[in-house]
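# Overview (structure and organization)
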Amino acid sequence: MKFTFTDKKVNIPNRVHAYAEKKIGKLDRYFKTEPDVSVIFSVEKGRNILEVTIRSGSTVIRVAESTSDMFVSIDAAVASIERQLRKNKSRLEKRLRKEAFESAPAEEYFVPDEDEEEDTIQVVRTKRFFFNPMTVEEAILQMNLVNHSFFAFRNEDEGGAYSVVYKRNDGGYGIIVDQA
């Protein structure tokens, strides 16, 4: 696993980084290729917050944990990731293609010019994303893995049409399909 550690507004000792690397490194057995792991440490109002993002191909798994101790936050994050992986392991094996665990394109950010007027709508972040062709079930699985309320993809069932699945308030799922 390739680790990137970020300390936000706090200085974390190297032993905490080493502990996180050791614990999260045990998840390596779930991935066919070497995943990129981003670990962000922060402290807010006396709570130790740990955010872990694992990218392996087009699969992204994200977990955030907040406890009174950073070591406990690390253990809780690893347990949450393992729970997600075990819960979706059979679906991942059955539904994702072989190339699903290969590296994904990196994000790019847009910084607006300072001379723009305040009255206009400002885009503060732009993500560039490759829309992978997949089925609706695969898209719902991926949406649940990243813990988002929607997920954009190219729908194999609709001949590659751009689509968005979303989680409804009633607990079900909806889909928006481009008619072009």
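One structure accompanies this document, and this report is about it. Small disclaimer: the values here were computed from a predicted structure and weren't measured.

In this section: the sheet that holds strand β3 (residues 47–56). Reading across from one edge, β1-β2-β3-β4 is the order of the four strands in this open sheet, with mixed pairing throughout. For this open sheet the edge positions go to β1 (2–8) and β4 (59–67), each flanked by a neighbour on one side alone. The sheet shows a mean angle of 15° between the axes of neighbouring strands, direction not considered. Two elements, β1 and strand β2 (residues 36–44), share seven bridges in a ladder whose sense is parallel. Directly across from Thr6, in β2, lies its bridge partner Ile40. Each of β1, β2 and β3 touches helix α1 (residues 14–25); the most contacted strand, β1, lies at about 140° to it.

Helix α3 (residues 136–146) sits mainly inside the fold: nine of its 11 residues count as buried. At the exit of α3 stands Asn147, carrying a positive phi of roughly 60°.

Definitions and limits used
Residues numbered from 1 in each chain as written. Predicted model: local features only at pLDDT ≥ 70, side-chain atom pairs only at ≥ 80, totals over all residues. Heavy atoms only, no water. Pairing = 2+ DSSP bridges. Helix = DSSP H or I, 4+ residues; strand = E, 2+ residues; numbered from the N terminus. Axes fitted to C-alpha atoms, helices over the stretch in contact; angles between N-to-C directions. Contact = heavy atoms within 4.5 Å. Buried < 20%, exposed > 50% of the residue type's maximum accessible area, 1.4 Å probe, protein only.

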